[in-house]
Amino acid sequence: MECAISLKHITKTFGSVVANKDVSLDIYKGEILSLLGENGSGKTTLLNMIAGIYYPDSGEVFVNGKPVEIRSPRDAYQLGIGMIHQHFKLVDVFSATENIALGLDAKEKFDLKQVRKKAQEICDKYQFDMDFDQKVYAMSVSQKQTLEIIKVLYRGADILILDEPTAVLTPQETEKLFQVIRNMRADGKSVVIITHKLHEVLAISDRVSILRKGEYVGTVETKDATESLLTEMMVGKKVELNIDRPIPQNPVKRLEIRNLSVTSPEGVRVLSDINFDAFGGEILGIAGVSGNGQKELLEAIAGLQTVESGGSVKYYNSEDGQGPAMEVIGKNPRVIRNAGIHMSFVPEDRLGMGLVGSMGMTGNMMLKSYDSGKALFLDQKSPKNLAERIKEELEVVTPGINTPVSRLSGGNVQKVLVGREIADAPMVLMTAYAVRGLDINTSYAIYDLLNQQKKKGVAVIYVGEDLDVLLALCDKIMVLCAGRVNGIVDGRTATKEQVGLLMTKLQEGGNKNE
Amino acid sequence: MSSLIAWILRAIPFGTIIMYGAMGEIVTEKSGNLNLGVPGIMYLGGFAGFASAFLYENNTSNPSKLVCILLSLVCCLIASVLGGLIFSFLTITLRANQNVTGLALTTFGMGVANFFGVFILNGKSYSAAPLANSAYSAKMPGLSDLGVAGDILFGYGFLVYLAIVIAVLLHIFLNKTRVGLNLRAVGENPATADAAGINVTRYKYIATCVGAGLSGVGGLYYVLDYNSGIWATTGQIEALGWLAVALVIFTTWRPLNAIWGAYLFGVLYWLYQFLPSLLGFTVASYVTDLIQMVPYVVTIIVLIVTSLRKKKENQPPAHLGLAYFREER
């Protein structure tokens, strides 16, 4: 087979983080190649280097056998490479035609009618559906994606890269997209699909290449591949982490979620019919490829997310867990707090949702207490004491408790946030990607904090991405896939492959709810 | 009837001043830059134009009208483009806050004009450039003699007609040309424009400077035509500058709307003087200030209506007022 693109020993680092390490990959002409990997495995980074968004630190890129330097998206276009990003690069108030015309070669005459005619020919050839006078803001996500593909083809791309193209599509739209992709292959074009959905990999691609933690694992012919083989290549062998995991002491039910569904403003169903319980004294892990409803689930429990009617989130707030349950759906966070529900939330976006970056530790502590007390002036003293205590106990490295927290390192920011949330003596503690971007020592410090809370009888919900950590830390692991609970497994007995498979392939039982 | 004609004869020149200001600001805002320095730039343009014409008239034995026009126009453009350049450098290159920078530019422009105005005034309460005024306010020969219609349609200086021509050209430029499409893309979604290979920084600089130049002509027209070529301590330019900014919103960023919108604002602004006499009653002086507010009220109503209708085409450029960092994508 002839190579359309060949990558040799590509390495790319961002600061101290290695995104791609010595990756070599061939893309053949007239094939559909899937690039498979977990979140943060470096799939998008690798292909961004072909598309001219990033430039590799070392290594070589060959297009049609010739060594090339791709320094901008424009260079990529000239080599016949087009990438469709997850976030579409379209101007909302422009029509489809205007978007296609944007940035075309200035030497050509500016004639929208001509552009439209040529684009229509592309549509006919590959069987796209497109209304060229429609404005982008009036389009559905799938129409926008189609427009992006037409844009790329219009510029004469022979190699198309699609970054998680099905993440935002309905099954019907996905099938339509796959048909178009097959038409393009029939026309001799090479198509690369970045994905983490196993069944799609098996359905569409000719070959599958797998990346894990920035490194190239291998390539298999799709006809020889099985789900378990791909999963094993994707998640790798189990790594022993030696994280402490005490046996839960008489767990009591703290949280009961029933029939919870959420539809995004774009009309996509991000959570479907979620049912589970969380118990005090246990750590419940939530696994899943990011963007499968984790954020919405936590926000729904925290009262920050509008949910569809019929869903219920109940807290069992009394000491023994036997008292009456309290419904939080339909209540805002302040009402929930005033009702005496002790819940803490450590959000994914630490400096956006969790803390105010330009304020010091004291100020950030005050965010939880500003409306307590009846005095004219704020109570500065107790937040200050709390800040001192957190600094002391969690060993936060900061020049002073009034230094803006945005100047602290990621680990220290997280300690401030977790410390503040724990100080509230919660019944339920939710953390989203609590150790993302943290070094090993800080990560272990955070695990210790979570275990302490667990021993105190708190129901801890830990949303994570590293399967080894989830398997070492959590008592139970709930796996989300496509906004559904795809299985709840015991953290002590589950295997990495089992969880990996649940993350990437929707079980039959899950499908029945549709 | 005669007061109705007088009303129109007052409203159209008034509208022309803010039309220039608004057209300049439309060009600027289409690139995503919100330049609140329009009043200051109109001051700069007006003062530079007046000062150059004044000095030329008084220091030349046989001044020519054509030279006077060219000189004052060029000086006006240089001064106001420099104002735009200050704004561009601060907000595009240094990524300063656009609102703050714009307001500072307004104060700066007023200060510069009034400071150097002291030397022009030279102790007098006003100074005049009669030749420049006669050059700028010269009516169209022949056509303006056709009675009432001639007065209403052709009774103004050439800048009134130039403004209409520019508005039409701007409309064609923004909607029918490649550069216009690119410029709109920069203001709507600079990351997309950047990915399409458009030089966002260059577009923003040029649009802001050209826009400032256009706005500055509004100041020039005010001093040398509308205000009869007299430079006094002219506080009114500032009010006109803000009215121009309001007009941009009123037009929903469309140059063609600026034509009738500007004249409508002119009619509304002079409502207090002409409507009562037209209807045959007098109003107390304290009411006039209230009535002069009407253009602003109309702008607010337009804002409310367009917000309620939520039509995307009537919204400001999506990236208006925000700096663009490529690394942020």
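Residues numbered from 1 in each chain as written. Chains lettered and ligands numbered in written order. Predicted model: local features only at pLDDT ≥ 70, side-chain atom pairs only at ≥ 80, totals over all residues. Heavy atoms only, no water.

Points about the sheet that holds strand 13 (residues 283-287) of chain A
Residue and element names in this part refer to chain A.
Then step 1. One open sheet holds the six strands; their spatial order is 16-17-18-13-19-20, and the pairing between them is mixed. Each of the sheet's edge strands pairs with one partner strand only, and the pair in question is strand 16 (343-346) and strand 20 (484-490). Averaged over all adjacent pairs, the angle separating strand axes in this sheet is 15 degrees, with direction ignored.
Then step 2. Two elements, strand 16 and strand 17 (residues 428-432), share four bridges in a ladder whose sense is parallel. Within strand 17, the residue paired with Ser-344 across the bridge is Leu-429. (Pairing = 2+ DSSP bridges. Helix = DSSP H or I, 4+ residues; strand = E, 2+ residues; numbered from the N terminus. Axes fitted to C-alpha atoms, helices over the stretch in contact; angles between N-to-C directions.)

Observations concerning the layout of surface pockets
Residues and elements named next belong to chain A.
Then step 1. Within this model, the second largest pocket holds a volume of roughly 840 Å³.
Then step 2. In terms of lining, the second largest pocket is formed by 30 residues, of which the most central are Arg-337, Lys-368, Arg-420, Glu-421 and Asp-424.
Then step 3. For the lining of the second largest pocket, the secondary structure elements donating two or more residues are helix 10 (333-338), strand 16, helix 11 (350-354), helix 13 (381-393) and helix 14 (410-423).
Then step 4. Tallied by class, the residues present in the lining of the second largest pocket amount to 18 nonpolar, six polar and six charged. (1 Å grid on protein atoms, 1.4 Å probe; cavity = no way out; pocket = protein on both sides within 12 Å on 5 of 7 lines; lining within 4 Å. Points joined across faces, edges and corners; volume = space filled by probe spheres on them. Nonpolar A, V, L, I, M, F, W, Y, C, P; charged D, E, K, R; others polar.)

What to know about the state of the cysteines
Residue and element names in this part refer to chain B.
Then step 1. By the definition in use, this model includes zero disulfides over all chains.
Then step 2. Distance from the sulfur of Cys-75, which forms no disulfide, to the nearest cysteine sulfur (Cys-76) is 8.8 Å.
Then step 3. We classify Cys-75 as partly exposed; its relative accessible area is 24%.
Then step 4. Lacking any disulfide linkage, Cys-209 is separated from the closest cysteine sulfur, that of Cys-76, by 14 Å.
Then step 5. Given a relative accessible area of 10%, Cys-209 falls into the buried group. (Disulfide = S-S within 2.5 Å. Buried < 20%, exposed > 50% of the residue type's maximum accessible area, 1.4 Å probe, protein only.)

Thoughts on empty space enclosed by the protein
Then step 1. Inspection of the entire model under this criterion finds four cavities of 30 Å³ or more.
Then step 2. Taken as a whole, the largest cavity holds about 230 Å³ of empty space.
Then step 3. For the largest cavity, the lining is made up of 18 residues, of which Pro73(A), Tyr77(A), Met83(A), His85(A) and Ala195(B) are closest to its centre.
Then step 4. For the lining of the largest cavity, the secondary structure elements donating two or more residues are helix 2 (73-78), strand 6 (81-84) and helix 5 (141-154) of chain A together with helix 9 (190-195) of chain B.

Some remarks on the nonpolar core
Then step 1. Membership of the largest hydrophobic core comes to 128 residues, with the highest contact counts inside it found for Phe128(A), Ile149(A), Ile181(A), Met184(A), Ile18(B) and Met23(B).
Then step 2. Ranked by residue count, the leading element in this core is helix 1 (residues 2-30) of chain B, at twelve residues.
Then step 3. Residues within four places of Met184(A) in sequence aside, it is in contact with Tyr126(A), Ile149(A), Leu153(A), Leu160(A), Lys189(A) and Val191(A). (Core = buried A, V, L, I, M, F, W, Y, C linked by side-chain atoms within 4.5 Å. Contact = heavy atoms within 4.5 Å.)

Description of the domain arrangement of chain A
Residues and elements named next belong to chain A.
Then step 1. Domain parsing of chain A yields domain 1 (3-235), domain 2 (250-342 + 425-514) and domain 3 (354-424).
Then step 2. Inter-centroid distance (C-alpha atoms) of domain 2 to domain 3 is 26 Å.
Then step 3. The interface is formed by 15 residues belonging to domain 2 together with 13 residues belonging to domain 3.
Then step 4. Regarding the contact of domain 2 and domain 3, the summed buried area is about 1,100 Å², with carbon and sulfur atoms giving 62% of it.
Then step 5. Three residues, Arg-337, Ala-425 and Leu-449, lead the burial of domain 2 against domain 3; their summed loss comes to 36% of the area buried on that side.
Then step 6. In this assembly, domain 2 and domain 3 are joined by zero salt bridges.
Then step 7. Among the elements that make up the side of domain 2 that touches domain 3, the one with the highest residue count is helix 15 (residues 440-455) (five residues). (Domains from an automatic or database assignment. Buried area = accessible area lost by both parts, 1.4 Å probe. Salt bridge = Lys/Arg side-chain N within 4 Å of Asp/Glu carboxyl O.)

Let's talk about the sheet that holds strand 14 (residues 312-316) of chain A
All names here are of chain A.
Then step 1. Read across the sheet, four strands follow the order 12-11-14-15 without closing on themselves; strand pairing throughout is antiparallel. Two strands bound the open sheet, and with one partner strand each, they are strand 12 (269-279) and strand 15 (325-327). Averaged over neighbouring strand pairs, the angle between their axes works out to 20 degrees when direction is ignored.
Then step 2. Sheet analysis places strand 14 next to strand 15, joined by three bridges and oriented antiparallel. For Tyr-315, the partnering residue across the bridge sits in strand 15 and is Met-326.
Then step 3. Across the sheet, helix 9 (residues 294-301) is in contact with strand 11 (253-263), strand 12 and strand 14; its angle to strand 12 comes to roughly 60 degrees.

Details of the confidence of the model for chain A
Then step 1. Scored by pLDDT, chain A comes out at a mean of 86, with 98% of its residues at no less than 70.
Then step 2. Long-range and interchain partners of residues 510-514 of chain A, a stretch whose pLDDT sits below 50, account for five contacts in this model, where long-range means more than four residues apart. (pLDDT = per-residue confidence, 0-100.)

Re the interface of chain A and chain B
Then step 1. Counting from both sides, the interface comprises 22 residues of chain A and, opposite them, 18 residues of chain B.
Then step 2. Taken over both partners, the interface formed by chain A and chain B buries close to 1,800 Å², and the fraction arising from carbon and sulfur atoms is 61%.
Then step 3. When the buried surface of chain A facing chain B is broken down by residue, Lys89(A), Leu102(A) and Phe110(A) rank first, second and third, together holding 32% of it.
Then step 4. At the junction of chain A with chain B, the criterion picks out three salt bridges.
Then step 5. Between Asp92(A) and Lys312(B) there is a salt bridge, and its shortest N-O distance comes to 3.8 Å.
Then step 6. Counting every contact that joins chain A to chain B gives seven residue pairs in polar contact (both at pLDDT 80 or more).
Then step 7. Of all the secondary-structure elements, those providing two or more residues to the side of chain A that touches chain B are helix 2 and helix 3 (96-101) of chain A.
Then step 8. If you tally residues by element for the side of chain A that touches chain B, the top one is helix 2 of chain A, at three residues. (Polar contact = N/O pair within 3.5 Å; in protein donor to acceptor, adjacent residues only side chain to side chain.)

Things to note about the environment of Ala79(B)
All names here are of chain B.
Then step 1. Tracing the backbone shows Ala-79 in helix 3 (residues 65-93).
Then step 2. For Ala-79, a relative accessible area of 17% gives the class buried.
Then step 3. Remark: the alpha-carbon pair of Ala-79 and Tyr-43, spanning 36 residues in sequence, is separated by 9.5 Å.
Then step 4. The contacts of Ala-79, once residues within four sequence positions are left out, are Leu-44 and Ala-48.

Overview of helix 4 (residues 98-121) of chain B
Residue and element names in this part refer to chain B.
Then step 1. Between its first and last C-alpha, helix 4 extends 34 Å over 24 residues, near the 34 Å set by a 1.5 Å rise per residue.
Then step 2. Taken residue by residue, helix 4 has Gln-98, Thr-101, Gly-102, Leu-105, Thr-106, Gly-109, Ala-113, Gly-117, Ile-120 and Leu-121 as its buried positions.
Then step 3. The inward-facing, buried residues of helix 4 abut helix 2 (38-59), helix 3, strand 1 (127-128), helix 10 (200-226), strand 2 (230-231) and helix 11 (236-250).
Then step 4. Capping the start of helix 4 is the job of one residue whose side-chain oxygen sits 2.8 Å from the backbone nitrogen of Asn-99: Asn-97.
Then step 5. Just past helix 4, the residue Asn-122 takes up positive phi, approximately 55 degrees. (Expected span 1.5 Å × (residues − 1).)

Examining the environment of Asp75(A)
All names here are of chain A.
Then step 1. For Asp-75, the location among the structural elements is in helix 2.
Then step 2. You can call Asp-75 partly exposed: its relative accessible area is 25%.
Then step 3. Residues Asp-75 and Ile-50, 25 residues apart in the sequence, show an inter-C-alpha distance of 9.7 Å.
Then step 4. Every residue in contact with Asp-75, bar those within four places of it in the chain, is listed here: Glu-69 and Ile-70.
Then step 5. At a separation of 3.0 Å, a polar atom in the side chain of Asp-75 contacts the main-chain amide nitrogen of Arg-71.

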